[in-house]
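Geometric and topological summary
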Amino acid sequence: MSQTNGGAWRHNVLFGLLMLAVVAMGLRLALLIRDRPEDVAERIQRQQQMVIPLPGRPGNVYARTHSRYVLLAGSRQTPGCFADPGLIPDEKMVEVAARTAEALDMPADEVLHRIVSRRDSRFVWLARDITDAQADAVRELNIPAVSIMHEWRRSYPNDSLASSVVGFRRIDGVAGGGFELSYDEDIQALPGRNVLLADASRRPIWPLAARSSPPRDGRHVFLTLDMVIQSHLQEAVAESVENYGAKWGTGIVVDPKTGEILAMCSPPTFDPNSYNTSSPDKWINHAVSSPFEPGSVLKPVFTAAAVQFGDATYDTRIYCEQGVYHAPRGGRITDHGQSYGELSVTEGLIYSSNILMAKLGEKMGNRRLYETAMRFGFGTRTGVALPGESRGIVRPIERWDGYSTRRVPFGQEISVTSLQLAMAFAALSNGGLLMEPMLVDHITDASGNVVSRSEPQVARRVVSEQVADETLDAMRQVVEQGTGRRARMDAWTSFGKTGTAQIAGDGGYVDRAYVGTYAGGAPASDPQLLVVISIYWPDASRSYFGSQVGAPYVKRVLERSLDYLDVPPDRPEWNERVSPNRASR
């Protein structure tokens with residue numbers, strides 16, 4: 001055979017093999033299309049199209065001051081580095097990972113792992129929230145498979161202020177708690193996408209407008225929180241928690257006439273900008289999530305109910321057994337070391353007599369006591385716009401006994417949240433109306449158009465206006481003459497009630513474990529603010545009484561807040577004292 005014929009033979013064989021390969025691939029493609037047409041079409045479309053995500057901007061959260069709104073939670077754009085693993089040949093994988101890792105100041109094996117673990121994906125994050133310098137370094141690499149994309153990152157300019165209310169968002173934008181979570185549907189943005197026709201090297205050729213969509217920015221939410229009052233409250237509660245070595249504390253300030261929540265805190269707290277550096281227990285908003293037995297602070301609620309039902313008046317006198325009462329089928333009740341004879345109901349509040357309250361419970365009976373607890377909102381959620389709200393604990397009436405009759409009126413055998421307690425006291429100070437707590441003032445779209453606005457809502461009337469006024473007057477005397485004297489202010493009259501309760505555990509009360517509470521408001525002549533501070537499990541060797549761990553701090557919050565709001569002092573002696581100074585100006 002000649003050399004020419006031999007070369008032709010080899011070419012023919014090679015050509016035949018190539019044709020067989022083409023036919024085989026054609027058959028394989030035909031089988032794929034027949035058996036899995038959707039998968040094939042999707043793969044072709046992915047190879048021909050480039051999809052660039054367009055992140056939307058989450059809505060802002062604002063709180064107010066006396067004259068304007070201030071930013072509580074906002075968003076800023078930060079660069080992130082991503083890769084398209086499909087554009088990285090296997091033999092270049094290690095080199096690309098090493099060069100990119102150096103630009104990002106990351107371990108090379110970590111970058112390589114992220115690429116390899118998502119080898120079949122066309123998008124994988126290598127690093128998020130990087131610096132501008134790192135982003136520039138990545139661009140200078142000029143690697144087609146590695147690029148930079150900006151996304152919205154949450155920021156909280158006031159750090160820990162109101163963090164237990166606001167909550168936080170994770171690095172991926174997912175709400176992690178607080179108001180961010182409960183109003184996520186409004187705040188969260190809807191991402192868009194830019195779809196482009198691309199060549200085999202993933203280079204864009206032409207935009208596909210019909211398949212692209214713009215992002216939708218989130219809505220802006222304006223809260224009822226007042227940042228100045230919030231700072232006063234948070235500072236006071238944190239100081240009490242620290243001074244008395246408590247596990248945690250709660251504080252709430254509400255407008256009793258509208259139900260607006262002006263401040264709420266739960267120290268020790270956390271910075272939502274770096275939430276993952278704090279223990280998760282600091283993320284809890286104990287003011288709505290952690291019920292406790294309130295103790296004597298609940299006495300005004302049940303005295304008001306007794307008067308409303310006609311079982312007593314505030315002038316009714318009750319014998320208090322000289323400090324020790326052995327109640328029939330109700331156990332032994334004492335007046336914390338005091339020996340009282342006959343007291344009026346008002347005096348029973350002033351001196352916080354447990355025995356007087358136990359005997360009021362006997363007059364009312366379990367059915368009316370239960371109805372009172374439920375009517376004032378205990379045992380049910382308030383519906384506040386925050387996640388994790390507890391309904392508290394009010395046992396079914398069938399489980400009440402003679403002990404319940406005597407102890408529920410002074411705040412045992414019932415557990416409430418700080419918010420429930422605040423709303424109950426607001427009802428006693430606004431004329432008898434239980435208001436629904438209001439945390440959101442209004443919501444706007446991204447362009448600033450108001451899409452919803454909240455209005456004060458009355459849940460129900462709990463006592464008559466006359467009974468509420470009489471109860472308010474009795475609580476004013478608690479401040480002037482009784483256990484609330486440490487909350488007395490020079491410029492404004494006020495009202496309130498102390499409470500010191502044991503903490504229940506498995507099988508009974510925990511030794512030397514208490515909650516100290518003070519609930520109070522001002523001015524007594526026309527209540528504008530209602531404040532509740534509860535200090536949970538303080539060091540008993542320092543103090544645990546509500547009159548010490550709560551009352552002075554409520555006083556401070558009231559004084560500073562009333563002054564900030566320009567509420568005129570209503571004590572005649574104060575006005576007489578300052579009038580000459582004003583006249584001489």
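Residues numbered from 1 in each chain as written. Predicted model: local features only at pLDDT ≥ 70, side-chain atom pairs only at ≥ 80, totals over all residues. Heavy atoms only, no water.

**Focus on the packing of helix H11 (residues 299-309) against helix H13 (residues 354-375)**
The criterion, for reference: The convention used is that axes are lines fitted to C-alpha atoms, helices contributing only their stretch in contact, and that angles between N-to-C directions extend from 0 to 180 degrees. Comment: elements are numbered from the N terminus, with helices defined as DSSP H or I runs of at least four residues and strands as E runs of at least two. To sort the angles, those under 35 degrees are grouped as roughly parallel, those over 145 as roughly antiparallel, those from 65 to 115 as roughly perpendicular, and the leftovers as oblique. Residues are treated as being in contact if the distance between any of their heavy atoms lies within 4.5 Å. Note on residue classes: Ala, Val, Leu, Ile, Met, Phe, Trp, Tyr, Cys and Pro are nonpolar, Asp, Glu, Lys and Arg are charged, and everything else, Gly too, is polar.
Two elements in contact, H11 and H13, have axes whose closest approach is 9 Å; the angle formed by their N-to-C orientations is 75 degrees. Relative to H13, the element H11 lies roughly perpendicular. The residues of H13 that touch H11, namely those facing Lys-299, Val-301, Phe-302, Thr-303, Ala-305, Ala-306 and Phe-309, are Asn-354, Met-357, Leu-360, Met-364, Arg-368, Leu-369, Glu-371, Thr-372 and Ala-373. Among the residues forming the contact of H11 with H13, the class breakdown is 10 nonpolar, three polar and three charged.

**Some words on the pattern of salt bridges**
As a reminder of what qualifies: Criterion for a salt bridge: a side-chain nitrogen of Lys or Arg within 4 Å of a carboxyl oxygen of Asp or Glu. Burial classes follow relative accessibility: with a 1.4 Å probe on protein chains only, a residue under 20% of its type's maximum area counts as buried, one over 50% as exposed, and anything between as partly exposed.
Under the counting rule described, the total for this entry stands at 31 salt bridges. Glu-110 is paired through a salt bridge with Arg-114; the nearest N and O atoms lie 2.7 Å apart. With a gap of four residues between them, Glu-110 and Arg-114 both fall in helix H4 (residues 108-117), about one helical turn apart. With relative accessibility at 30%, the residue Glu-110 sits in the partly exposed group. Using a relative accessible area of 30% as the deciding quantity, one classes Arg-114 as partly exposed. In this structure, the salt-bridge partner of Glu-480 is Arg-488, at a minimum N-O distance of 3.0 Å. Through salt bridges with shared partners, one network takes in Arg-64, Glu-260, Asp-441 and Arg-453.

**Considering the nonpolar core**
General note: in soluble globular proteins, nonpolar side chains tend to be found buried as a group. This is how it is decided: The nonpolar core is taken to be a set of buried Ala, Val, Leu, Ile, Met, Phe, Trp, Tyr and Cys residues, with the residues joined through side-chain atoms within 4.5 Å.
Of all hydrophobic cores here, the largest spans 92 residues; its most connected members are Leu-72, Phe-179, Leu-223, Leu-225, Met-264 and Phe-378. In this structure, Phe-378 is in contact with Leu-298, Val-301, Ala-373, Arg-391, Val-394, Ile-414, Val-416, Gln-420, Leu-421 and Ala-424, ignoring residues within four places of it in sequence. Counting 31 residues, the second-largest nonpolar core is a separate cluster that includes Val-253, Leu-262, Leu-529 and Val-549.

**Looking at the environment of Gln-477**
Inspection of the secondary structure puts Gln-477 in helix H16 (residues 465-481). Among the residues examined, Gln-477 registers a relative accessible area of 18% and is labelled buried. With 20 residues separating them along the chain, Gln-477 and Lys-497 place their C-alpha atoms 9.8 Å apart. With near-sequence residues (within four places) excluded, Gln-477 lies in contact with Thr-346, Ile-350 and Gly-482.

**Things to note about the packing of H11 against helix H15 (residues 418-429)**
To keep things clear, this is the line we draw: Crossings are assigned a handedness: left-handed for a near helix turned anticlockwise from the far helix by less than a right angle, right-handed for a clockwise turn.
One can describe the packing of H11 onto H15 by two numbers: an axis separation of 10 Å at closest approach and a directional angle of 45 degrees. It follows from the interaxial angle that H11 and H15 lie oblique. Like other packed secondary-structure pairs, H11 and H15 cross with a definite hand, here left-handed. From H11, Pro-300, Val-301 and Ala-304 reach across to H15, where they touch Ala-424, Phe-425 and Leu-428. Residues belonging to the contact of H11 with H15 are distributed by class as follows: six nonpolar, no polar and no charged.

**As for the layout of surface pockets**
So the rule is basically this: Whether a set of points on the 1 Å grid over the protein atoms alone is a cavity depends on a 1.4 Å probe fitting there but being unable to get out, while an open set qualifies as a pocket with protein on both sides within 12 Å along at least five of seven lines; lining residues are those with an atom within 4 Å of a point. Grid points are joined across faces, edges and corners, and a volume is the space filled by probe spheres set on the points.
In this structure, the largest pocket encloses a volume near 810 Å³. Lining the largest pocket are 31 residues; nearest its centre among them are Ser-296, His-336, Asn-354, Thr-500 and Phe-545. Of all the secondary structure elements, the ones that give two or more residues to the lining of the largest pocket are strand E15 (331-334), strand E21 (495-505), strand E22 (508-522) and helix H17 (546-549). The greatest single-element share of the lining of the largest pocket, amounting to five residues, is contributed by E21. Of the residues in the lining of the largest pocket, the class split is nine nonpolar, 17 polar and five charged.

**Quick word on empty space enclosed by the protein**
For the structure on display, the rule yields one cavity of 30 Å³ or more. Put simply, the largest cavity is a space of about 30 Å³. Taken together, Leu-72, Tyr-156, Asn-158, Asp-159, Leu-161, Ser-163, Val-166 and Pro-272 make up the full set of residues lining the largest cavity.

**A closer look at the packing of aromatic side chains**
Test applied: Stacked, tilted and edge-to-face pairs are distinguished by plane angle, under 30 degrees for stacked and over 60 for edge-to-face with tilted covering the rest, among Phe, Tyr and Trp rings (Trp via its six-membered ring) whose centres lie within 6.5 Å. The rule for a charge over a ring is simple: NZ of Lys or CZ of Arg within 6 Å of the ring centre, and within 35 degrees of the ring normal.
Taken as a whole and assessed by the stated rule, the structure comprises 15 aromatic pairs. With 5.4 Å between their ring centres and 85 degrees between their planes, Phe-123 and Trp-125 make a pair best called edge-to-face. Take Trp-125: its relative accessible area is 19%, and that puts it in the buried class. Feature note: the residues Phe-168, Phe-270, Tyr-275 and Trp-283 constitute an aromatic cluster, connected by ring pairs. Directly above the aromatic system of Trp-537 lies the positively charged group of Lys-247, at a separation of 3.7 Å from the ring centroid.

**Describing unusual backbone geometry**
Cis geometry is adopted by the peptide bond preceding Pro-268, which originates at Pro-267 and carries an omega value of 0 degrees. Its location among the elements puts Pro-268 in the loop between strand E12 (261-265) and helix H10 (286-289). Here the amide bond leading from Ala-522 into Pro-523 is cis, since omega sits at -15 degrees, within 30 degrees of zero. As for its placement among the helices and strands, Pro-523 is situated in the loop between E22 and strand E23 (529-536). Although it is not a glycine, Asp-105 sits at a positive phi angle of roughly 55 degrees. Summarising the element assignment, Asp-105 is placed in the loop between helix H3 (93-104) and H4. When its relative accessible area of 69% is taken as the criterion, Asp-105 is described as exposed. Here Trp-537, not a glycine, exhibits a phi torsion of approximately 55 degrees, which is positive.

Don't take any of this as a statement about function, it's just geometry.
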